[in-house]
Amino acid sequence: MKKLIEPNKNCSKCRRLYNFRKKNQSKNPDWFNAPVPTFGELSSSLLIVGLAPGLQGANKTGRPFTGDYAGDLLYKTINKFNFSKGKYAGTIDDSLKLKNCTITNAVRCVPPQNKPISEEINNCNNFLKKTIEIHKNLKVIIALGLIAHKSIISAFNLKQKLYKFKHGNKHKIDNFILIDSYHCSRYNTNTRRLNEEMFEKIFFEAKKELKI
Ligand code: URA
């Protein structure tokens, strides 16, 4: 059976992220503090790509977007559009299950200040590439933010300048559609770059493309 290829729990490809993880491990030994694996089903036709685990969210719980503000908005929206069942409670042992949907990050380890550097984004790109490749039914990818968008373009070895990031933009790549969205971070909603209605429109468009 095909399995997702995930970074080693002790991955040290990125020295800075490795050291940051080690520091967090000694500060909070009961947190996950490791590369956060992809969440979802290999049969999914929708893939959502985030930036990187939040320090007190996915890095603590071990599941993408779980336990922080961005996750509250993402999981609420996913549920509204019927891509999940069960109840999201911000912990890895809640009853939430994704339906026809997978969530991953462009960078698997928590970066200081939520900002991975180019080398770290590049080091992790092969995991994103493999994640996309293994989802054989994939029809739509939602990129949450510019770094997720660029990472997807890189995973396909395409020219960045031919694929401009803009909230709501759609790009045809291979046999799927990439939809760009602003990241559902607290910063973006606080500064009103993104609101719930704008975010829901992205999922509305995704459903339209999926013809469901
Ligand atoms: N949590 C994640 O897993 N990814 C993000 O991009 C933000 C929060």
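Summarised in this report is the structure supplied together with it. Treat the numbers as computed from the prediction; the structure is a model and nothing was measured.

1. Thoughts on the site of the ligand
Inference 1: Taken together, Gly50, Leu51, Ala52, Pro53, Gly54, Ala58, Pro64, Phe65, Asp68, Asn105 and His183 make up all the residues around the ligand.
Inference 2: Here alanine 52 contributes a backbone N or O atom positioned 3.0 Å from a nitrogen atom of the ligand.
Inference 3: Within the contact set of the ligand, an oxygen atom lies 2.8 Å away from a backbone nitrogen or oxygen of phenylalanine 65.
Inference 4: Out of a free accessible area of 240 Å², the ligand has 95% covered by protein chains.
Inference 5: Put simply, the ligand lies in the largest pocket.
Inference 6: Residue classes in the shell around the ligand are distributed as six nonpolar, four polar and one charged.

2. Quick word on empty space enclosed by the protein
One water molecule sets the probe size; rolling that probe over the atoms shows where empty space is left.
Inference 1: Inspection of every chain in the model, using the stated rule, returns one cavity of 30 Å³ or more.
Inference 2: When its volume is computed, the largest cavity comes out at roughly 110 Å³.
Inference 3: Lining the largest cavity are 14 residues; nearest its centre among them are Cys11, Lys13, Cys14, Cys109 and Cys124.
Inference 4: Elements that contribute at least two residues to the lining of the largest cavity include exactly helix H1 (15–27) and helix H4 (118–134).
Inference 5: The class makeup of the residues in the lining of the largest cavity is 10 nonpolar, one polar and three charged.

3. Let's talk about the side chain of asparagine 24
Inference 1: Assignment of secondary structure puts asparagine 24 in helix H1.
Inference 2: The exposure class assigned to asparagine 24 is buried, which follows from its relative accessible area of 2%.
Inference 3: Setting aside residues no more than four positions away along its own chain, asparagine 24 makes contact with Asn33, Leu55 and Val110.

4. Details of the sheet that holds strand E5 (residues 101–105)
Inference 1: The six strands lie next to each other as E1-E5-E2-E6-E8-E7, forming an open sheet whose pairing is mixed. Each edge of the sheet is formed by a strand with only one pairing partner; in this case those strands are strand E1 (39–40) and strand E7 (170–173).
Inference 2: Bridge count for strand E2 (residues 46–50) against E5 is five bridges, and the pairing is parallel. Directly across from leucine 46, in E5, lies its bridge partner cysteine 101.
Inference 3: Those strands touched by helix H3 (residues 69–80) are E1, E2, E5 and strand E6 (140–144), and its axis lies near 160 degrees from that of E5.
Inference 4: Running over the sheet, H4 touches E2, E5, E6 and strand E8 (176–181) and is turned about 170 degrees from E2.

5. Overview of H3
Inference 1: Taking 1.5 Å per residue, 12 residues should reach 16 Å; H3 reaches 17 Å between its end C-alpha atoms and fits that length.
Inference 2: Turning to H3, its buried residues are Ala70, Gly71, Leu73, Leu74, Tyr75, Thr77 and Ile78.
Inference 3: One or two steps after H3, the chain reaches asparagine 82, where phi turns positive at roughly 65 degrees.

6. Points about the packing of H3 against helix H7 (residues 196–210)
The description of two helices packed together rests on the angle between their axes and the distance between the axes.
Inference 1: At a closest axis distance of 10 Å, the pairing of H3 and H7 adopts a crossing angle of 50 degrees. Between H3 and H7, the angle falls in the class oblique. Where H3 crosses over H7, the two elements pack in a sense that is right-handed. Between H3 and H7, the residues in contact are Leu73, Leu74, Lys76, Thr77, Ile78 and Lys80 and Glu196, Phe199, Glu200 and Phe203, respectively.
Inference 2: Grouping the amino acids of the contact of H3 with H7 by side-chain chemistry returns five nonpolar, one polar and four charged.

7. Thoughts on the pattern of salt bridges
Inference 1: Under the counting rule described, the total for this entry stands at 10 salt bridges.
Inference 2: Between lysine 80 and glutamate 200 there is a salt bridge, with the nearest N and O atoms lying 3.1 Å from each other. With a gap of 120 residues between them, lysine 80 in helix H3 and glutamate 200 in helix H7 connect regions that are remote in the sequence.
Inference 3: With a relative accessible area of 56%, lysine 80 lands in the exposed category.
Inference 4: Assessed through its relative accessible area of 19%, glutamate 200 is described here as buried.
Inference 5: Ionic pairing is found between lysine 129 and glutamate 133, a salt bridge with its closest N-O pair at 3.4 Å. Residue lysine 129 and its partner glutamate 133 are located together in helix H4, separated by four residues, close to a single helical turn.
Inference 6: The exposure class of lysine 129 is partly exposed, given its relative accessible area of 27%.
Inference 7: Looking at glutamate 133, the relative accessible area reads 38%, which means it is partly exposed.
Inference 8: Overlapping salt bridges, with partners in common, bring together Lys170, Lys201, Glu205, Lys208 and Glu209 in one network.

What counts, and where the lines are drawn
Residues numbered from 1 in each chain as written. Predicted model: local features only at pLDDT ≥ 70, side-chain atom pairs only at ≥ 80, totals over all residues. Heavy atoms only, no water. Near = heavy atom within 4 Å. Polar contact = N/O pair within 3.5 Å; in protein donor to acceptor, adjacent residues only side chain to side chain. Areas by Shrake-Rupley, 256 points an atom, 1.4 Å probe, with all protein chains shown as cover. 1 Å grid on protein atoms, 1.4 Å probe; cavity = no way out; pocket = protein on both sides within 12 Å on 5 of 7 lines; lining within 4 Å. Sits in = over half its atoms within 2 Å of the grid points. Nonpolar A, V, L, I, M, F, W, Y, C, P; charged D, E, K, R; others polar. Points joined across faces, edges and corners; volume = space filled by probe spheres on them. Helix = DSSP H or I, 4+ residues; strand = E, 2+ residues; numbered from the N terminus. Buried < 20%, exposed > 50% of the residue type's maximum accessible area, 1.4 Å probe, protein only. Contact = heavy atoms within 4.5 Å. Pairing = 2+ DSSP bridges. Axes fitted to C-alpha atoms, helices over the stretch in contact; angles between N-to-C directions. Expected span 1.5 Å × (residues − 1). Parallel < 35°, antiparallel > 145°, perpendicular 65-115°, else oblique. Left-handed = near helix turned anticlockwise from the far one by under 90°. Salt bridge = Lys/Arg side-chain N within 4 Å of Asp/Glu carboxyl O.

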